Amino acid sequence: MKARLHFTSVRKDYRKANGEACTAIHDFTSEWMPGESIGLIGHNGAGKSTLLRLAAGITSPSSGKILREGKLASLLEVGTGFHPELTGKENIFLSGIALGMERSEIKALIDPIVAFAGVEDFLHEPIKHYSSGMKIRLGFAVAAHLRADILLMDEVLGVGDVAFQQQSFARMQTVLSEEGKTLVVVSHHLGTIRRLCQRTLWLDKGVLHRDGNTADVLDAYSGFNTAGQGSPPRAFQQTPWIKSMQWSQPLVSGQPATLTVELNPAMPLERANIRLVLHNQNGEFLAPFSPTTSGTSLPSWPAGAHWKMHFDRLPLMQGNYFLGYKLFVCDLEKDGQAAALPFAVQDGLYFPEGDSFAPRSNGLWLSPTWTMSDPTTP
Amino acid sequence: MNRIGHAWSVAQTLAYRDIKVRYAQTALGAVWAIAQPLGMAAVLWITSYGVGQKESFPALFAGWIVWSAFSFAGLQGGLSLVNNLSLVQKTPIPHLAYPLSKALVASFDAAVGLFVLLLFQGPSGMIVFIPLLWSLLLGFGFGTWMALLTTRSKDLLSGLPFLFQMLFFLTPVWYSVPTHASWIQWNPLSSPVIAAKQSISTTLLEPTGPWALSVAFTIVLFITGPLALRHFGKNSADFL
C-alpha cells in the first residue's frame, strides 16, 4: 500500500526576524498510511505546526522530500478566509473554495453545512452580526465537510460548546470510517488525541521523539510509565522555596494517604500559603487544595516547616495524576509549577464493604449521603 | 482540481469578495463604480484646461481608465500576498490566485469604465478595449512580480504606493508628452495611455513612440511574473 504522505529526511530552517537561523524540523522521516489517524503532540515550538504546513504544501522543506498521494485538505484555522462583511452563505463559498472545494461541491453540501453549524436563520446575514460561537461553528462545519483523502487539522477540534464538540467528534469519526482516509490532528488537548488517533507522534524541539500507539506515547508524554514497567514516577524537582513534596507510599484508592510539603530551611516564611491543583493525566483540572481556603492570612512559619495534607480514604480512582502548586508569601506569588508532582494511584477498595462498580480509572470516589422517602409514611 | 484551476476559482471568489465588500452597505452602491472614474476624469479635465492643455473629456476619461487598470492590478496585486496574510499562511492556495484576483477586480472596473465611455462615445469607443487590455496585462505582470518581491523586502512594501504615485505623474494621463521631456514616452505605460487617448480623437489605433518595446515588456512580465511566483515563492509564507 502506498503512503498518503511520505517524508524523507525532511529539514526546515527558518531565519528569525533578527537574522538568526533556526531549525524547526530536523531530519524527519515518516510514512502516513491510508486509514490511519495520527496525532501530533509536543510542547509549544516543538515543530508540530511547521510539520503540518510542510505536509499541506504551504511551505516547502529546506532539504529532504515530501511525497503526497491523493487529495489533501488542511484546516489550520477555523473560518479560513472568512470576511465579516459577507453573509454566512457567501462565506461558506469563500472558505470552501479557499480550502480546495469546487463550487458545485459546495452547492451540493450547503444544506448539511448549514444544518451542522445550526445557523439556518442567519444564512443571509453578514457574519459580523454572528456571535463568536456561531462563526466558529460555521467555520468548522465547512471544514468538516471537506472531501479529501488526507485531512490535516491544527488545534481546531474541540472548538465551540460541549454539544458542538460531541457533534464534531462524531463527524470526524464518520470521516474516519470511510475507507482509506488519513486524518492528522495537532492538539494540546490530549483527550482529543486519545479519542481520535490510533497512532501518535511526539515531537520535541523539531525532532521526532517517539512514534507509536497513542496510549503508549501519551503515557510517556505525561511523564508516566505504563503499568508494570517498574521504575517510579519522576520525583519532585527541588526549588529555592520548597525542598520536597512527596506522597506516602503506596498510594491506593480508599487507603490513607499523606502529602508532605517540606519548605526550604533557609527560608523562614512570613504568612506563607500554598495552593495545590490536581489534574488528570490529560492535564484536565480536577480539584484545588489549600490549607487555607478562606483567604485569611496565616501565621509565620519557622524555618524548615512541613505541611501535611491527609486523606483518611484517598478518593482518587486508579490512574495517573499531576499536582501543580503555587506558593504565596505575604499574598505574593513566589514559586509555582504547573506539573510539579506526577503520581500514580493503584486500584483499591474505596467503599470498605466493597462495591459492584465496573473497574474505572482517573475518576473520583465520592460518598454522598442517600435517603429514600416513603410516600406511605407521613 | 489542478493548481491553475484552483488558483482561478480562488481568484474569482476573492475578486467577488473585494467587489462585494467595497460596495456593501453604501447608500449609492454600484453608482460609485460609475461616479468615481467620471469624477476623476472631470478633475483631470478642469486642471488640464487650467494649464492650457486641450484634450477632450472622453480622451481624458479613456486615459484615466487605462491608467487605473494598470494601477489597481499592479499596486493591489503587488500588495495582495501581504494583505491576504492569513490565507497565505494557512492554506496551500497557489500564490498566483492573489494578484490574479486583483487583476480581475481591475478588469471589472475597466469594463464599467468602458461601458461609461461607450455612453458618450458610441460604438467607436470600443477601440479603447485594446489599450485597456494591454494595460491590464502589464499591471498583472508587474503585480505578480511585486507580490513576490514585497514578501522579501519590507522596504519595497512601503515604497510601492510611492512608486505608483510617481508613475502617475510620469505617465501622460492628463497631459501630452512634453517636448522637453520626451523620455516620458519610454515609460512602458505611456504607450497604452497615449494609444487610448489618440484612438478617441481619431477612432483608429495609430501606435506612436516606442510602443513595440512596451508590448514586448508587457509580454515578458505577463509570462515571467507567474513563473517567478511559482518558482521563487515556494517559501513566501515563511517571510510574511
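Keep in mind that this is a model prediction, so the values were computed, not measured.

For the rest of this paragraph, the subject is the nonpolar core. Counting residues in each nonpolar core, the largest one holds 126 residues, and the members touching the most others are A:L152, A:V184, A:V185, B:A62, B:A69, B:A97 and B:L136. When residues in this core are grouped by element, the largest group, 15 residues, is from helix α3 (residues 57–83) of chain B. Beyond its immediate stretch of four places on either side in the chain, A:V184 contacts A:W32, A:I38, A:L40, A:L52, A:A55 and A:L152. The next biggest cluster of nonpolar side chains, apart from the first, holds 21 residues, and it includes A:L263, A:L276, A:L314 and A:L316.

This part takes up the sheet that holds strand β10 (residues 242–247) of chain A. Residues and elements named next belong to chain A. Strand order across the open sheet formed by three strands is β10-β11-β14, with antiparallel pairing between neighbours. Each edge of the sheet is formed by a strand with only one pairing partner; in this case those strands are β10 and β14 (306–311). Within the sheet, the average angular offset between the axes of one strand and its neighbour, ignoring direction, is 10°. By the bridge criterion, five bridges tie β10 to strand β11 (residues 257–263) in an arrangement that is antiparallel.

Residues and elements named next belong to chain A. Pairing in this open sheet of four strands is antiparallel, and the strands run β13-β12-β15-β16 from one edge to the other. If you trace the sheet from one side to the other, it starts and ends with β13 (285–289) and β16 (332–345), each paired once. The mean angle between the axes of side-by-side strands here comes to 20°, regardless of whether they run parallel or antiparallel. One ladder, built from four bridges, connects strand β12 (residues 272–280) with β13; its direction is antiparallel. Its bridge partner lying in β13, V277 is registered against P288.

Residues and elements named next belong to chain A. With five of five residues buried, strand β6 (residues 150–154) lies mostly within the body of the structure. Of the two faces of β6, the one lined by I150, L152 and D154 and the one lined by L151 and M153 are each fully buried. As defined by bridge partners, strand β5 (residues 72–75) adjoins β6 across four bridges and the pair is classed as parallel. Note on β6: the bridge partner recorded for S74 is L152. Across five bridges, the pairing between β6 and strand β7 (residues 182–186) is parallel. Residue pairing in the sheet places I150 in a bridge with T182 of β7. As a crossover connection, the stretch from β6 through helix α5 (residues 162–177) into β7 is right-handed.

The interface is formed by 20 residues belonging to chain B together with 22 residues belonging to chain A. Among the secondary structure elements, those contributing two or more residues to the side of chain B that touches chain A are α1 (3–23), α4 (85–90) and α10 (236–239) of chain B. Top element by residues in the side of chain B that touches chain A is α1(B). It accounts for seven residues. A class-by-class count of the residues in the side of chain B that touches chain A yields eight nonpolar, seven polar and five charged.

Another point: the packing of helix α6 (residues 129–152) of chain B against helix α9 (residues 211–232) of chain B. The packing of two helices is summarised by the inter-axis angle and the distance between the axes. Residues and elements named next belong to chain B. Two elements in contact, α6 and α9, have axes whose closest approach is 8 Å; the angle formed by their N-to-C orientations is 30°. Relative to α9, the element α6 lies roughly parallel. The handedness of the crossing between α6 and α9 is left-handed. Note on element contacts: α9 touches α6 through T218, L221, F222, G225, P226, A228, L229 and F232, opposite W134, L137, L138, F140, G141, F142, T144, W145, A147 and L148. Of the residues contributing to the contact of α6 with α9, the split by class is 14 nonpolar, four polar and no charged.

Residue and element names in this part refer to chain B. When pLDDT is averaged along chain B, the result is 90, and 100% of the positions lie at 70 or above. Averaged pLDDT values over the elements of chain B bottom out at 83 in α10 and peak at 95 in α6. Here the prediction assigns the complex a pTM of 0.76, and the interface score ipTM is 0.87.

Right, let's talk about unusual backbone geometry for a bit. All names here are of chain A. Between Q249 and P250 the backbone carries a cis peptide bond, its omega angle lying at -5°. In this structure, P250 sits in the loop between β10 and β11. Here the phi dihedral of D27 falls at roughly 35°; this positive angle occurs in a residue that is not glycine. Among the structural elements, D27 can be located in strand β2 (residues 21–32). Of the residues examined, D27 has 15 C-beta atoms within 10 Å and is grouped as partly exposed.

Before going further, it helps to examine the environment of A:E284. On the secondary structure map, A:E284 appears in the loop between β12 and β13. When neighbours within four sequence positions are excluded, A:E284 is seen to be in contact with A:G191 and A:H279.

Turning next to the environment of B:P58. All names here are of chain B. For P58, the position within the fold is in helix α3. Sequence separation of P58 and K197 is 139 residues, and the distance between their C-alpha atoms is 8.1 Å. With residues up to four places along the chain from it excluded, the contact list for P58 reads L117, F120, Q121 and I200.

Residues and elements named next belong to chain A. Note that I66 resides in strand β4 (residues 63–68). Expressed as a C-alpha distance, the spacing of I66 and V10, which sit 56 residues apart in the sequence, is 7.4 Å. Excluding anything up to four places from it in sequence, I66 contacts L5, F7, V10, L54, A55 and P61.

Calculation notes
Residues numbered from 1 in each chain as written. Chains lettered and ligands numbered in written order. Predicted model: local features only at pLDDT ≥ 70, side-chain atom pairs only at ≥ 80, totals over all residues. Core = buried A, V, L, I, M, F, W, Y, C linked by C-beta atoms within 7 Å. Buried ≥ 20, exposed ≤ 12 C-beta atoms within 10 Å, placed from the backbone. Helix = DSSP H or I, 4+ residues; strand = E, 2+ residues; numbered from the N terminus. Contact = placed C-beta atoms within 7 Å. Pairing = 2+ DSSP bridges. Axes fitted to C-alpha atoms, helices over the stretch in contact; angles between N-to-C directions. Right-handed = clockwise from strand over helix to strand, strands pointing away. Nonpolar A, V, L, I, M, F, W, Y, C, P; charged D, E, K, R; others polar. Parallel < 35°, antiparallel > 145°, perpendicular 65-115°, else oblique. Left-handed = near helix turned anticlockwise from the far one by under 90°. pLDDT = per-residue confidence, 0-100.

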